[in-house]
Amino acid sequence: EDAGAAARFQARIDAEERIEPNDWMPAAYRKTLTRQISQHAHSEIVGMLPEGNWITRAPSLRRKAALLAKVQDECGHGLYLYAAAETLGTSREEMVDALLEGRAKYSSIFNYPTLTWADIGAIGWLVDGAAIMNQIPLCRCSYGPYARAMIRVCKEESFHQRQGYEIMLTLCRGTPEQKAMAQDALNRWWWPCLMMFGPPDSQSQHSDQSTKWKIKRFSNDELRQKFVDATVPQGHYLGLTFPDPDLRFNEETGHWEFGEIDWDEFRQVLAGNGPCNRERLAARRKAHEDGAWVRDAAAAYAEKRRARTEM
Ligand code: FAQ
């Protein structure tokens, strides 16, 4: 690639211009975006599993309808993210194969189990809350198709976050057993949610380049801190405590300081050894195999139509 083209590309980024699919772009920009967008898509698709586990056991018709809608939204997010990634030149089949063969990552958070109904509240409140914090800046990402997809995704995530917080609020105002269930869910989801933002800045291999290319607008640690600052008062409003003895408000900085994250646990989950990694991939593989006849039928129909129009 010639240096002139790379310099012109960077000048467009610096001028806040959007990069579109047919524009020239450095191979590394294409590669890192394909990586991030496809992993984001995989996260949405695998992310349906923990909550899908509770659709048949939702405590009321109203809760069931809301949860069904949320899980369907996640499927939709996954599909338009795959479409956004495809504009960079990799087919959806290749991306899905990479997931099923364990070559592509998806968010660490979806490798934890949903043990009680309160986990559905905690996921909406915390996981979707973290997702919004990370995705709002992505609405201004330099790559047009990704930025535009994020606008609609964020609107839907905001509904998800509210439905989760409302479940937590209902449980916390309920019986002592219900409140204990909400507390237990917070205890189990809190630390994994902080890991969603990725490794500390000092160890984030893609951050520097992604920041120069305006794919990332805030660092992993900055977004993690924003999330903690926004979420801790919400937890206190619920009357819950956070499972972190080091959590304290710093009057001078105006930030909530928190304890050391267990990065060893994070590495283990990324390496495939989290509590549900194997179960999640097995479920996706089975769904893919069970859906083979649908893909075959669609391909056969397309072929028939093509043959007919050529006659
Ligand atoms: N889990 O150099 P960095 C949702 C990997 S929200 C697994 O800092 P980068 C909504 C990273 O990929 C969740 N892997 O990387 C929902 C890289 O590995 P690689 C999805 C992680 O890209 C809610 C390596 O570590 N959201 O689904 C994680 O600059 C409820 C080094 O890291 C997105 O994907 C992790 N937590 O920053 C659905 C948002 N963190 O690729 C259902 C878009 C890091 O070299 C229910 N993505 N890694 O093999 C991003 O903003 C970025 O990719 C980061 C990571 C911030 C996640």
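Basis of the calculations
Residues numbered from 1 in each chain as written. Predicted model: local features only at pLDDT ≥ 70, side-chain atom pairs only at ≥ 80, totals over all residues. Heavy atoms only, no water. Helix = DSSP H or I, 4+ residues; strand = E, 2+ residues; numbered from the N terminus. Rg over C-alpha atoms; globule rule 2.2 N^0.38 Å. Buried < 20%, exposed > 50% of the residue type's maximum accessible area, 1.4 Å probe, protein only. Contact = heavy atoms within 4.5 Å. Areas by Shrake-Rupley, 256 points an atom, 1.4 Å probe, with all protein chains shown as cover. Lys, Arg positive; Asp, Glu negative; His and termini not counted. Charge placed at Lys NZ, Arg CZ, Asp CG, Glu CD. Patch = residues over 30% accessible without salt bridge, like charges linked within 9 Å, V, L, I, M, F, W, Y side chains within 5 Å. Salt bridge = Lys/Arg side-chain N within 4 Å of Asp/Glu carboxyl O. Polar contact = N/O pair within 3.5 Å; in protein donor to acceptor, adjacent residues only side chain to side chain. Expected span 1.5 Å × (residues − 1). Axes fitted to C-alpha atoms, helices over the stretch in contact; angles between N-to-C directions. Parallel < 35°, antiparallel > 145°, perpendicular 65-115°, else oblique. Nonpolar A, V, L, I, M, F, W, Y, C, P; charged D, E, K, R; others polar. Near = heavy atom within 4 Å. Phe/Tyr/Trp six-rings, centres within 6.5 Å; stacked < 30°, edge-to-face > 60°.

When you go through the protein chain residue by residue, the secondary structure sums to 13 helices and two strands. In terms of overall size, the protein chain behaves like a compact globule, its C-alpha atoms giving a radius of gyration of 21 Å where 311 residues would be expected to give roughly 19 Å. Considering only C-alpha atoms, the protein chain reaches an extent of 70 × 50 × 35 Å along its principal axes. The proportion of buried residues among the 311 residues of the protein chain is 48%. For the protein chain, the proportion of contacts with a sequence separation of at least 24, taken over those separated by at least 6, is 77%. Accessible surface computed for the protein chain: about 15800 Å², of which carbon and sulfur atoms make up 55%. When the 40 basic and 43 acidic side-chain charges of the protein chain are each reduced to a single mean position, those positions are 5 Å apart.

Attention now goes to a negative patch on the surface. Taken together, the side chains of Glu86, Glu93, Glu94 and Asp97 present a region of like negative charge at the surface. Ranked by the residues each element gives to the negative patch, the list is headed by helix H5 (residues 92–100), at three residues. By the secondary structure assignment, Glu94 is in helix H5.

A word on the environment of Ser43. Summarising the element assignment, Ser43 is placed in helix H2 (residues 27–46). In this structure Ser43 comes out as buried when scored by relative accessible area, which is 10%. Separated by 32 residues in sequence, Ser43 and Cys75 have C-alpha atoms that sit 10.0 Å apart. Other than its neighbours up to four places away in sequence, Ser43 contacts Tyr106, Ser107 and Phe110. Polar side-chain contacts of Ser43 include one of 2.7 Å to the backbone oxygen of Gln39.

Bringing helix H4 (residues 61–86) into the picture now. In a regular helix each residue adds 1.5 Å, so 26 residues correspond to 38 Å; H4 covers 38 Å between its end C-alpha atoms and thus fits that length. By the burial criterion, the buried members of H4 are Arg63, Leu67, Lys70, Val71, Asp73, Glu74, His77, Gly78, Leu81, Tyr82, Ala84 and Ala85. Those residues of H4 that are buried lie in contact with H2, helix H3 (48–52), H5, helix H6 (118–135) and helix H7 (144–172).

Right, let's get into the side chain of Lys216. Within the secondary structure, Lys216 is located in the loop between helix H9 (207–212) and helix H10 (220–237). Buried charge Lys216 goes without a salt bridge, the closest partner of opposite sign being Asp201 at 6.6 Å. Polar side-chain contacts of Lys216 include one of 2.9 Å to the side chain of Ser207. With residues up to four places along the chain from it excluded, the contact list for Lys216 reads Ser204, Ser207, Ser210 and Thr211.

Where H5 contacts helix H12 (residues 277–290), the two axes come as close as 10 Å, and the packing angle between them is 140°. When the axis of H5 is compared with that of H12, the two are oblique. Contacts between H5 and H12 involve Val96, Leu99 and Leu100 on the former and, on the latter, Leu281, Arg284, Arg285 and His288. Broken down by class, the residue content of the contact of H5 with H12 amounts to four nonpolar, one polar and two charged.

The environment of the ligand is made up of 35 residues, and the closest members are Lys105, Ser108, Ser204, His206 and Lys216. In this structure, Gln205 approaches the ligand through a main-chain N or O atom, which is 3.0 Å from an oxygen atom. If the ligand stood free it would expose 1100 Å²; the protein chains cover 92% of that surface. Elements supplying a minimum of two residues to the shell around the ligand: H2, H4, H6, H7 and helix H11 (263–273). Tallying contributions element by element places H2 first for the shell around the ligand, with six residues. The residue inventory of the shell around the ligand, partitioned by class, reads 12 nonpolar, 14 polar and nine charged.

Using the criterion set out here, one finds 12 aromatic pairs in the structure. Both rings, one in Tyr29 and one in Trp213, keep their centres 5.4 Å apart while their planes meet at 90°; by these two values the pair is edge-to-face. A residue pair is termed long-range when its members are at least 10 positions apart, and Tyr29 in helix H2 and Trp213 in the loop between H9 and H10 qualify at 184 residues. Of the two residues examined, Tyr29 and Trp213, each falls in the buried class. Geometrically, the ring pair formed by Trp190 and Phe242 is edge-to-face, given 4.7 Å between the ring centres and 65° between the ring planes. Of this pair, Trp190 sits in helix H8 (residues 176–195) while Phe242 sits in the loop between H10 and strand E1 (248–250), placing them 52 residues apart in sequence.

Honestly, it's all geometry; don't read function into it.
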